[in-house]
Amino acid sequence: MDRLSNTVRPYAWGSTTAIPELLGTAPTGEPQAEMWMGAHPGAPSRLTRPTGNGLGTGTEQALSDIIAADPERELGPAAVRAFGPRLPFLLKLLAAGAPLSLQVHPDLAQARQGYADEESRGIPVDAPHRTYKDANHKPELVCALTPFEGLCGFRRPAETAALMGALGVDSLKPYVDLLRAHPEEAALREVLTAILSAEPDAMARTVEEAAEAAERLGGAHAPYAQIARHYPGDPGVIAAMLLNHVRLQPGEAMFLGAGVPHAYLDGLGVEVMANSDNVLRCGLTPKHVDVPELLRIVRFEATDPDILRPEASPTGEELYDTPVDEFRLSRYVLPAGGTPVDLTTAAPQILLCTAGGPQTGELTLAPGEAVFVPADETVEVTGTGTLFRATVVI
């Protein structure tokens, strides 16, 4: 197995302290939003192997290059057959100090169709108005390491009508009336369309009035006042009121499937996702918002927040069960004096320590450190601490 050297991404919404505190390093004063672990071409993890594999001996190499040189050895034949010659997931530490953009992800068929369409129209993949960066879907799972706040899925229209109505903002009354009068799907579609299509100056005034009222009322309205402080005048502040506000305690998780609008607001977590960059934004961002395509992708159905708690097994593995094959996330809380745990499997793995100092083979991991374990490589875990295990379903 290989200890990984990982890139920290300094996105503006990132916390300045959460990742340094976990790693035991001094804050730089700049936001540290995400630490990537995997083989994503944007920031692949790097490692140094003591023996050569065709790419050099004892030199630091990108995990993506190592996998490309011998995918069956690194990933295993079953994973290559299922997902191709690439690591199909990306593992992250995510530290939100401010709200992320309100967004949805396409399903696999939509991603393939959208990517083919933009390719046929000759839109450069790095163009700011490009929506589909690849032909893959992007289901994702986030597990809280600290108290974690987010938005996930549509609330019941009647609940949103009550929330908006209590603000006493005249320009919100048409949305309140629609939410009360129409069937659920039609109400959600019409209100989100109206919010995203509103005249910008008028919407900015609505956001300002709503934010002032939310600040005054507090309670259930407080998250929207906080969002507005970060994104004054943004229509996403009003769109966010359509969604369930979710608070996760450490160890709890939420799964974001295709078409489900969501945003992370605050907290530190472990996130795993299919290896894709396909994001359609609804607001809380200066980036491109493709309203027609967004409205085609969003699933306009109200849902109760689905908070996942890990399912324990006799082996000590605590699994976060999700309906996708590209990733499988589980957790081991290793007690003092516990028996060694065998994690050998026919699939590639990334093991991430978030507490304590467990040993994986000859390597001792500190919080925030991770290792890549090729398929079929023997790996036994000992010691104490908390270890997250990301792999695939084959």
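Everything below is about the structure printed above this text.
Residues numbered from 1 in each chain as written. Predicted model: local features only at pLDDT ≥ 70, side-chain atom pairs only at ≥ 80, totals over all residues. Heavy atoms only, no water.

Bringing unusual backbone geometry into the picture now. A positive phi angle, near 60°, is found at L284, a position not held by glycine. On the secondary structure map, L284 appears in the loop between β13 (280-283) and α12 (291-297). In the Ramachandran plot, D376 falls in the positive-phi region, its phi being about 70° despite a non-glycine side chain. Residue placement: D376 occurs in the loop between β22 (370-373) and β23 (380-382). (Helix = DSSP H or I, 4+ residues; strand = E, 2+ residues; numbered from the N terminus.)

On to the sheet that holds strand β20 (residues 359-360). Across the sheet, which stays open at both edges, the 4 strands sit in the order β18-β23-β20-β21 with antiparallel pairing between neighbours. Lying at the two open borders of the sheet, with one neighbouring strand each, are β18 (341-342) and β21 (363-364). Where β20 lies against β21, 2 bridges are found, and the strand directions are antiparallel. Directly across from T360, in β21, lies its bridge partner L363. (Pairing = 2+ DSSP bridges.)

Moving on: helix α10 (residues 222-230). Turning to α10, its buried residues number three or more, namely P223, Y224, A225, Q226, I227 and A228. The secondary structure elements touched by the buried residues of α10 are β9 (148-154), α6 (157-165), α9 (200-217), α11 (236-240), β10 (243-248) and β12 (262-274). (Buried < 20%, exposed > 50% of the residue type's maximum accessible area, 1.4 Å probe, protein only. Contact = heavy atoms within 4.5 Å.)

Across all of its chains, the model carries 3 aromatic pairs by this definition. Measuring from centroid to centroid gives 5.8 Å for Y11 and W13, while their planes differ by 35°, and the two rings are tilted. Looking at Y11, the relative accessible area reads 29%, which means it is partly exposed. A ring pair is formed by F154 and F300, whose centres lie 5.7 Å apart and whose planes are at 20°; its orientation type is stacked. Taken as a pair, F154 in strand β9 and F300 in the loop between α12 and β14 (307-308) lie far apart in primary sequence, 146 residues in all. (Phe/Tyr/Trp six-rings, centres within 6.5 Å; stacked < 30°, edge-to-face > 60°.)

This next bit is on the sheet that holds β22. Strand order in the open sheet formed by 7 strands is β1-β22-β19-β24-β17-β16-β15, with antiparallel pairing between adjacent strands. Strand pairing shows two members of the sheet lacking a second neighbour, β1 (2-3) and β15 (311-312), which therefore form its edges. Summarising the sheet, strand β17 (residues 328-334) and strand β24 (residues 385-391) pair through 7 bridges and their orientation is antiparallel. By the bridge assignment for β24, Y332 is matched with L387.

For the rest of this paragraph, the subject is helix α8 (residues 184-197). For an α-helix, the turn length of 3.6 residues means that residues three or four places apart are oriented alike. For α8, with 14 residues, the first-to-last C-alpha span of 20 Å sits near the 20 Å given by 1.5 Å per residue. For α8, the full list of buried residues reads A187, L188, V191, L192, I195 and L196. Down the axis of α8, the smallest arc covering the buried residues is 145°, so these residues share one side. (Expected span 1.5 Å × (residues − 1). Arc of directions from axis to C-beta.)

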